[in-house]
Amino acid sequence: MNAHGVEVERAYGRPIMSSFHGMFSIGGLLGAGIGGLFALLGLGAGATLAATGIPLALISLYAGRHLLPADRHPSARQKQESAGPARWTGWIVLMGVVAFAGLVGEGAAVDWTSVYLFEDLHASETVAALGFAVFSIAMTVGRFAGDHLALKHGPVRLVRVSGVIAALGLGAALLIGSVPVAIVGFALFGLGLATIVPQVFSAAGNHDPARAGQAIAQVATVGYTGLVAGPAIIGGVSELTDLPTALAIPAVLAAFMAASAGALRPRAPRDAGDTAAVRPEP
């Protein structure tokens, strides 16, 4: 999906990848809402999955008719085939690590923000649930604003500022130890993380258009490991220390993403067909 999204973005002529990920966030919110409603009605997991899976299958069948053709760039495909298998360059590894850092933060927020509010700051269960809610809403809003910000400021400046906002927001939530401050901090954390992974995928797809799909697959392989491993890492460290110390890991990773933003600077086109949708940095 991300590889195809880069193709659509390139044809569209301006950044739209962040909005694609914004729709992913909306899907997560809708899924949580449907699950909660069905649980309230006493319906089981089977009914919930059928009510979401069947419409999704129908939508996918309809959407598949509108995907870009596979032979859209035959010359680029020939270059990719002649170049041989994908190589793990230092830049690809770095982008994968940046994506990993961002998705560790997302996974940690999903599993641990409410726990931190409830167990460490002694908030009520209702208030504790706001931790993840405000994070999710802020991330969704940030992703839909991300394309405009990427076009206006460029991916490097956007990721650098976003990483700083995420680090400061989560850092404040952990250091000050106040429930209202923590909730605001989690919102800033979500707002900061919102645009980073979409910009990384966009950069990977535009770095070498002849290998766009391979590059995104490599970056995603490393990156999405963070979404799965992040909560487990936080849980393991919290067992050895405490939860606030463990949650400092995503804050440090957010600072790392800000420091690595310069690597997202678009390359100069090598030929007339090698263009990026994202405006080059000034």
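Residues numbered from 1 in each chain as written. Predicted model: local features only at pLDDT ≥ 70, side-chain atom pairs only at ≥ 80, totals over all residues. Heavy atoms only, no water.

### Structural notes on the overall build of the protein chain
Now for step 1: Helix and strand counts for the protein chain come out as 11 helices and 0 strands.
Now for step 2: Secondary structure of the protein chain in N-to-C order comes out as α-α-α-α-α-α-α-α-α-α-α.
Now for step 3: Every one of the 282 residues in the protein chain was classed for burial, and the buried ones make up 42%.
Now for step 4: By sequence separation, contacts in the protein chain at least 24 residues apart represent 78% of the contacts at least 6 residues apart. (Helix = DSSP H or I, 4+ residues; strand = E, 2+ residues; numbered from the N terminus. Buried < 20%, exposed > 50% of the residue type's maximum accessible area, 1.4 Å probe, protein only. Contact = heavy atoms within 4.5 Å.)

### Comments concerning the pattern of salt bridges
Now for step 1: For the structure shown, the criterion picks out 2 salt bridges.
Now for step 2: Glu7 is the partner of Arg10 in a salt bridge, and the nearest nitrogen-oxygen pair spans 2.9 Å. Of the two residues, Arg10 and Glu7 are both situated in helix 1 (residues 2–12); the distance of 3 residues between them amounts to about one turn of the helix. Residues Arg10 and Glu7 agree in their burial class; the two are buried.
Now for step 3: For Arg143, the salt bridge identified is with Glu106, shortest N-O distance 3.0 Å. Remark: Glu106 occurs in helix 5 (residues 90–120) and Arg143 occurs in helix 6 (residues 125–153); sequence separation between them is 37 residues.
Now for step 4: According to the relative accessible area criterion, Arg143 is buried, its value standing at 2%. (Salt bridge = Lys/Arg side-chain N within 4 Å of Asp/Glu carboxyl O.)

### Examining helix 11 (residues 243–259)
Now for step 1: End to end, helix 11 covers 25 Å across 17 residues, agreeing with the expected 24 Å (1.5 Å per residue, within 8%).
Now for step 2: Residues Leu243, Ala246, Leu247, Pro250, Ala251, Leu253, Ala254, Met257 and Ala258 constitute the buried set of helix 11.
Now for step 3: Tucked inside the fold, the buried residues of helix 11 contact helix 5, helix 7 (155–176), helix 8 (179–193), helix 9 (196–207) and helix 10 (212–240). (Expected span 1.5 Å × (residues − 1).)

### Notes on helix 1
Now for step 1: Turning to helix 1, its buried residues are Asn2, Gly5, Val6, Glu7, Glu9 and Arg10.
Now for step 2: If you follow the buried residues of helix 1, they end up packed against helix 2 (17–40), helix 9 and helix 10.
Now for step 3: Count one or two residues on from helix 1 and you reach Gly13, which has phi positive near 90 degrees.

### Focus on a nonpolar patch on the surface
Now for step 1: Taken together, the side chains of Leu29, Ile137, Val141, Val161, Ile165, Val184, Leu188 and Leu191 make up a nonpolar region of the molecular surface, amounting to roughly 630 Å² of accessible area.
Now for step 2: Of all elements in the fold, only helix 6, helix 7 and helix 8 reach the threshold of two or more residues within the nonpolar patch.
Now for step 3: Per-element accounting of the nonpolar patch gives the leading share, 3 residues, to helix 8.
Now for step 4: Inspection of the secondary structure puts Val184 in helix 8. (Patch = residues over 30% accessible without salt bridge, like charges linked within 9 Å, V, L, I, M, F, W, Y side chains within 5 Å. Areas by Shrake-Rupley, 256 points an atom, 1.4 Å probe, with all protein chains shown as cover.)

### Some remarks on the confidence of the model for the protein chain
Now for step 1: When pLDDT is averaged across the protein chain, the result is 87; 89% of the residues are at 70 or more.
Now for step 2: Contacts for the low-pLDDT stretch residues 269–282, under 50 throughout, to residues beyond four places or in other chains number 33 contacts. (pLDDT = per-residue confidence, 0-100.)

### Let's talk about the nonpolar core
Now for step 1: In terms of nonpolar packing, the biggest core is built from 54 residues, with Tyr116, Leu117, Val200, Val219 and Leu247 touching the most fellow members.
Now for step 2: The element that contributes the greatest number of residues to this core is helix 5, accounting for 13 residues. (Core = buried A, V, L, I, M, F, W, Y, C linked by side-chain atoms within 4.5 Å.)

### A look at the side chain of Ser25
Now for step 1: By the secondary structure assignment, Ser25 is in helix 2.
Now for step 2: Beyond its immediate sequence surroundings of up to four residues, Ser25 is in contact with Met139, Thr140 and Arg143.

### Structural notes on unusual backbone geometry
Now for step 1: In this structure, His122 is a non-glycine residue whose phi angle is positive, near 60 degrees.
Now for step 2: Relative to the assigned elements, His122 resides in the loop between helix 5 and helix 6.

### What to know about the packing of aromatic side chains
Now for step 1: Applying the stated criterion across every chain yields a total of 4 aromatic pairs.
Now for step 2: Taking 6.2 Å as the distance between ring centres and 80 degrees as the angle between the ring planes, the aromatic pair formed by Tyr116 and Phe186 counts as edge-to-face. Linking Tyr116 in helix 5 with Phe186 in helix 8, this pair joins segments that are 70 residues apart in sequence. Residues Tyr116 and Phe186 agree in their burial class; the two are buried.
Now for step 3: Ring plane angle 40 degrees and centroid distance 5.7 Å describe the contact between Phe135 and Phe189, whose orientation is recorded as tilted. Of this pair, Phe135 sits in helix 6 while Phe189 sits in helix 8, and the two are 54 residues apart along the sequence. Phe189 matches Phe135 in its accessibility class, with the two residues each being buried. (Phe/Tyr/Trp six-rings, centres within 6.5 Å; stacked < 30°, edge-to-face > 60°.)

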